[in-house]
Structure formats: structure tokens, C-alpha cells
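So the chains spell out like this:
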Amino acid sequence: MTAALDAGAERLLALDAAHAWHPYTSTLDRDPVYPVRGAAGCEIELMDGRRLVDGMSSWWCAIHGYNHPVLNAAATEQLGRMAHVMFGGLTHAPAVGLVERLVRLTPAPLQHVFLCDSGSVSVEVAMKMALQFQQAAGRHARVRFLTVRGGYHGDTFHAMSVCDPVTGMHGLFERVLPKQLFAPVPAPRFGQPCTDADIAAFATLLAERAEEIAAVILEPIVQGAGGMRFYAADYLARVRALCDRHEVLLILDEIATGFGRTGRLFACEHAGIAPDILCVGKALTGGYVTAAATLATERVATTISAGTPGTFMHGPTFMGNPLACAIANASIDLLLARDWQAEVAAIESGLAVGLAPCRDLPGVRDVRVLGAIGVVEMTDPVPMRAVQRRFVELGVWVRPFGRLVYLMPPFIISADQLVQLCNATRRVVAELGAGRLAAAAE
Ligand SMILES: *Cc1c(COP(=O)(O)O)cnc(C)c1O
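Now for a quick tour of the structure. (Residues numbered from 1 in each chain as written. Predicted model: local features only at pLDDT ≥ 70, side-chain atom pairs only at ≥ 80, totals over all residues. Heavy atoms only, no water.)

**Regarding the site of the ligand**
And step 1. Close to the ligand lie S118, G119, S120, Y152, H153, G154, E219, D253, I255, A256 and K282, which account for all nearby residues.
And step 2. S120 places a side-chain nitrogen or oxygen 2.6 Å from an oxygen atom of the ligand.
And step 3. Within the side chain of D253, one N or O atom sits 2.7 Å away from a nitrogen atom of the ligand.
And step 4. If the ligand stood free it would expose 380 Å²; the protein chains cover 82% of that surface. (Near = heavy atom within 4 Å. Polar contact = N/O pair within 3.5 Å; in protein donor to acceptor, adjacent residues only side chain to side chain. Areas by Shrake-Rupley, 256 points an atom, 1.4 Å probe, with all protein chains shown as cover.)

Here it is, written out as C-alpha cells:
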């Protein structure tokens, strides 16, 4: 590949290697990076001219694909008015438009919207809301959080504390991380019933420790970066009922699942329940700029506001950033204007058909599909660099992690592009199973 790069690309790679720290990487043993010239529709164009069909939506975000004329216009128009003003003491149409849309589209009890910078921050905000709520309600011992194993909620400290203790970073930061409570990974799969036995461990932990627990925090239906598992809607419905019984708040983290990815606008709709606090992010701006939001019910907001000190204690500098809000509004309107359910359903059946043959390949533990998410789970960790390079050779952008090769393409992907993604995935999985993409290639 390097041979085809011009001097500009060579220099860019050299400077990158010298100074840019990429996600979860070492500065010594560097993962290769592929220089990108641009992206449009469902394609990422590398600087050597190759075009890759995007299978990642840039980590759940780019639901409309890249360089979308409607989102570009919204951004440009907003830039002509103002990129940013502080949200303390000022307000503006983009932010008000966004909070109105979020209240309208999410479950009815959620009425108050706190805009913030990123998914992890929205989780921190949600956890602070739960703590302030319990404090204001006079339940001062309720300072812990209960969750399930296999979760992922972000990389900041309180968010990390509720990530899976094994795949998360608990060991590394043990001395500073708050200790939370963990029930087992939800056993019943999506589409299956949830029995009393399936929820027993969770129910017992909650009942025994309720007096210490401020809130339960979960990713609804899809456990994302913690393992790409899809669990029973009935499990979530039972969690809601148990939280009510023990007067514990329920925080749902829809940062990955929100805005249609699972086939419903929000994944909690599969269970027909509403949380007390909801986090959204990622696809909120269609993948254009970082923005997130934490929504709270009337009861949560009122209790916090009537308590001491009478204010919610958070306020990011870039809160309600007009540029981000204008793009988010355009992205939401664009999604609702299209038949996104049909798009996601078509991706779901395309992934189901395209990935099913992987089940019979050696080294494959499981194949599962929900909405616009397709997962091939291997029995062993995949050699990421070799697999990544092979996918690029095959003209697609797929970035596996751990034992998981997974696809979550933009909703606008064409039928042909989806076939290309699935074909490449089958081929790479077959080569992995045949031992032809060994770690030696790392
Ligand atoms: C990505 C993600 C986060 C963290 O969001 P950032 O924007 O990366 O901080 C939190 N929760 C879930 C479920 C996520 O998928």
C-alpha cells in the first residue's frame, strides 16, 4: 500500500507515527493506520485512492453515511449565524429545537434534557443525577450503582466503574475506581423469554443491597463494546419492575442503541419501558461532531431541584453547542423523514442471510444479528492487524475487537454494498478458521 502513497501521505503518516496517540494504542508498538482523504455516502476513500465500503458507521455514529448534503447544509447555515455561545444565561433555537425533539421522541416520562459533550460525560451526568436525587430524597447511604457484567459505559472514571470488570479497566485503576455491584450477564437472548431463574441473581443482589444503591445502569437490549450481546426484552422489563419495587432509579445508556440501530428508535421500546434517566450520544449528530444528552423524568428533576443545594451540579463549557445542536436537529429530521425502519429491516435480513454461512466455519462460536448490527463471534481472539489489513485489501472497512468481527453499517448502505461487506466478512472468517491469517502476520 505504501508504494502508492504520495509524498504528502508519507509525511502525514510519519508525523502521525511521531505524535498522534490513537484509541487504545501504544506509542511504541504502533498499530498501522490508514490515511483517509475523504468519505461520502457509504464509502471511505483512502489517500492512495482506494475506496472502502464502511461497515462501522465510525463506531455507531454515521447512520446517514458521510458528507451528507442535508447535514452539510445545516452545519454551513449554522456557521453563518454562530458556531458557539455559552449556555449559561443564554439560549438559542438549535438547543431548544434539540431538547424539544428529544423529549418528543423518547419515552413520555422523560421531560428534562441536559446537553453535554460526549457519551462518557452523559453517563457521568446521569450517575451524578442519580446521586443528587437520592441525596435530595434523604437517602444518603444510596451511593452505589448496580449493573450487569459484560457492559460498556465509557472511559471516564465513574463510567469505567460500571464497565465489565474483566474486559473493562478495573484491575488497572483498582485503587481509584469506585466499587460497584455486578450481576451476571443477562442469560436469555433477545427473542427468548426471561424466567424467574434468569433474573434471580440480579433480583437478589438488588433486594439485599437496595439501601446502598442509587441506581441500576444498563445498556438496553444490546451490550455493545463489552461483547456485542443481545438480551431478552423481558429481562429489561423485569429490571424496571424490580427498580420500582426497591425505589432504585433506572439509568438506560442508549448511546450505542439510540436512533434506530436495533430496529426501534430507542432500544427500550422493545421492552415497552421507560427509564428514569436516559443517555444518548453517538448517532445523535449523525456522526458529524461530538454531542450527547442526558434526559431525566419530571420526578428526578424536581427532587434534585427541591433538594440541597437546589441546583444540578454540572455545566460543561460547550454545553448546548449551537453547531452540534443544529446538525443533530437536521440528522433527527432526516432520519424521521426517511423510512428508516425499512432500511434497518433490509440491513437486518441482508446481514442474516450474508453472515449465516459463517456458522459452519471452523473457529466460529456464534453468529447473531439484530437490527443493523451483525456479529460473528470467534472462539479465539482475532489477530487484529492482519484481519484489518485483509479487510482493506477486500475493499471494506471493518475493525474487529477481541473475539468479535462485527458489522454496523450506515442505514443508507446499498444492497450491493451490504453483499460486499458480508462476502468480505465470510472470506476473512474462513481464512481465520483455516489458520491463514495467523498472529504471525501481526
Ligand atoms: C460509546 C459508548 C459510550 C461512551 O461514549 P463516548 O462518546 O465514547 O464517550 C458509553 N456508552 C455506550 C453504550 C457506548 O457505546
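**With respect to the sheet that holds strand β16 (residues 404-407)**
And step 1. Judged by pairing direction, the sheet is antiparallel, and its three strands sit side by side in the order β13-β14-β16 without closing on themselves. Two strands in the sheet have a free side with no partner beyond their single neighbour: β13 (364-370) and β16. Strand-to-strand twist across the sheet, computed as the mean angle between neighbouring axes with direction ignored, equals 10°. (Pairing = 2+ DSSP bridges. Helix = DSSP H or I, 4+ residues; strand = E, 2+ residues; numbered from the N terminus. Axes fitted to C-alpha atoms, helices over the stretch in contact; angles between N-to-C directions.)

**A closer look at the pairing of strand β5 (residues 144-148)**
And step 1. Counting buried positions over the five residues of β5 gives four, a clear majority of the element.
And step 2. Across three bridges, the pairing between β5 and strand β7 (residues 213-218) is parallel. The residue bridging R144 from the neighbouring strand is I213, located in β7.
And step 3. For β5 and strand β6 (residues 181-183), the ladder comprises three bridges, and the chain directions are parallel. (Buried < 20%, exposed > 50% of the residue type's maximum accessible area, 1.4 Å probe, protein only.)

**Some points on the side chain of D54**
And step 1. On the secondary structure map, D54 appears in strand β3 (residues 51-54).
And step 2. It turns out D54 is buried and unbridged, and the closest side chain with the opposite charge, R261, is 7.6 Å from it.
And step 3. Ignoring sequence-local partners within four residues, the contact set of D54 consists of C42, I44, Y66, W397, P409, P410, I413 and L421. (Lys, Arg positive; Asp, Glu negative; His and termini not counted. Salt bridge = Lys/Arg side-chain N within 4 Å of Asp/Glu carboxyl O. Contact = heavy atoms within 4.5 Å.)

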